[in-house]
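# Observations on chain architecture
Residues per chain are reported as follows:
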Amino acid sequence: MVVSLYVYLNKVFLALGSNVGNWKLNFNECLRELQKIGEIGSIGNIYISKPYGYKEQNNFYNTAIKFHTSSSPIKLLNEFKLIEKKLHKNKLIKNGPRRIDIDIIFFNSLKINHGNLVIPHPRAANRDFVIFPLCDIDPYFKHPVEKKSLKKLKGEIKD
């Protein structure tokens, strides 16, 4: 009898973004690093979005990942910060150009507000570049705060 390890691991939804350098290379390097700390379950389609906040920069390439890990939310955040640093995130300007950006959107169905870690990501439900690729992965996952499926949230996003 084969038992999936996913039963014993945390299910985490991540958003990735890049607008500096070669986004394909940036995503591939990021995926290689993520595989060192967990299992990649599935990856959403790539979406191009206009910059948010700081406008004088290139468009972003975005995707989402279903990720399985035994790490705690805080440990995972710290591991992602190390990956971003290793891949030269380039966080000089708030909402500015990034070689890679990794955000934890959901961690199982937990609600966490601890220092610089807020899960679910507080603005995820209103951002098409987050909800659309998440919906590609698991349209019926229910947002723990909004109490709506990703598919429903996608339908509510305004242009």
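Heads up: the structure comes first, above all this text.
Before going into details, it helps to say that this report is about the structure given with it.

Cut-off values and rules
- Numbering of residues begins from 1 in every chain and follows the order in which that chain's sequence is written.
- Local features are withheld for residues below a pLDDT of 70 in this predicted model, meaning they are given only at 70 or higher, and side-chain atom pairs are given and counted only at 80 or more; totals for whole chains, interfaces and linings count all residues.
- Side-chain descriptors were evaluated using all non-hydrogen atoms of the structure, hydrogens and water having been removed beforehand.
- Under the scheme used here, helices are H or I runs from DSSP no shorter than 4 residues and strands are E runs no shorter than 2 residues, and both carry numbers assigned from the N terminus.
- Take the number of residues in a helix, subtract one, and multiply by 1.5 Å to get its expected span.
- Summary of the burial criterion: residues with accessible area below 20% of their type's maximum are buried, those above 50% are exposed, and those between are partly exposed, where the area comes from a 1.4 Å probe applied to protein chains only.
- Picture the helix axis, draw a direction to every C-beta atom, and the arc is the one those directions span.
- Contacts between residues were defined by any pair of non-hydrogen atoms, one from each residue, lying within 4.5 Å.
- Planes of paired rings set the category: under 30 degrees apart is stacked, over 60 is edge-to-face and the rest tilted, where pairs are Phe, Tyr or Trp rings (Trp by its six-membered ring) whose centres lie within 6.5 Å.
- Should the NZ of a Lys or the CZ of an Arg lie within 6 Å of a ring centre and within 35 degrees of the ring normal, that charge is described as sitting over the ring.

This brings us to helix α1 (residues 23-34). Each α-helix winds once per 3.6 residues, and so residues spaced three or four apart point in a common direction. Along its 12 residues, α1 runs 16 Å from first to last C-alpha, staying within 8% of the 16 Å computed at 1.5 Å per residue. Buried residues of α1: Trp 23, Asn 26, Phe 27, Cys 30, Leu 31, Glu 33 and Leu 34, and no others. Each buried residue of α1 sits inside an arc of 160 degrees when the element is viewed along its axis, so together they form one side. The inward-facing, buried residues of α1 contact β1 (10-18), β2 (39-43), β4 (60-69), α2 (73-86) and β5 (101-107).

As a further point, take the packing of aromatic side chains. All told, the structure shown has 7 aromatic pairs when counted by the stated rule. With a centroid separation of 5.8 Å and 85 degrees between ring planes, the pair formed by Tyr 47 and Phe 132 is classed as edge-to-face. One end of the pair, Tyr 47, is in strand β3 (residues 47-49); the other, Phe 132, is in helix α3 (residues 128-137), with 85 residues separating them in the sequence. On the basis of relative accessibility, which here comes to 24%, the residue Phe 132 falls in the partly exposed class. An angle of 45 degrees between the planes, with centres 4.9 Å apart, marks the rings of Phe 106 and Phe 141 as tilted. Placement of Phe 106 in strand β5 and of Phe 141 in the loop between α3 and α4 (150-156) is noted, with a sequence separation of 35 residues between them. The class for Phe 106 is buried, based on a relative accessible area of 1%. Here Phe 141 falls in the buried class, since its relative accessible area comes to 6%. Within the aromatic cluster, the residues linked to one another by ring pairs are Phe 13, Phe 106 and Phe 141. Sitting over the ring of Phe 132, Lys 154 keeps its end group 4.9 Å from the ring centre.

Fair warning: the whole summary comes from geometry, so function is off the table for now.
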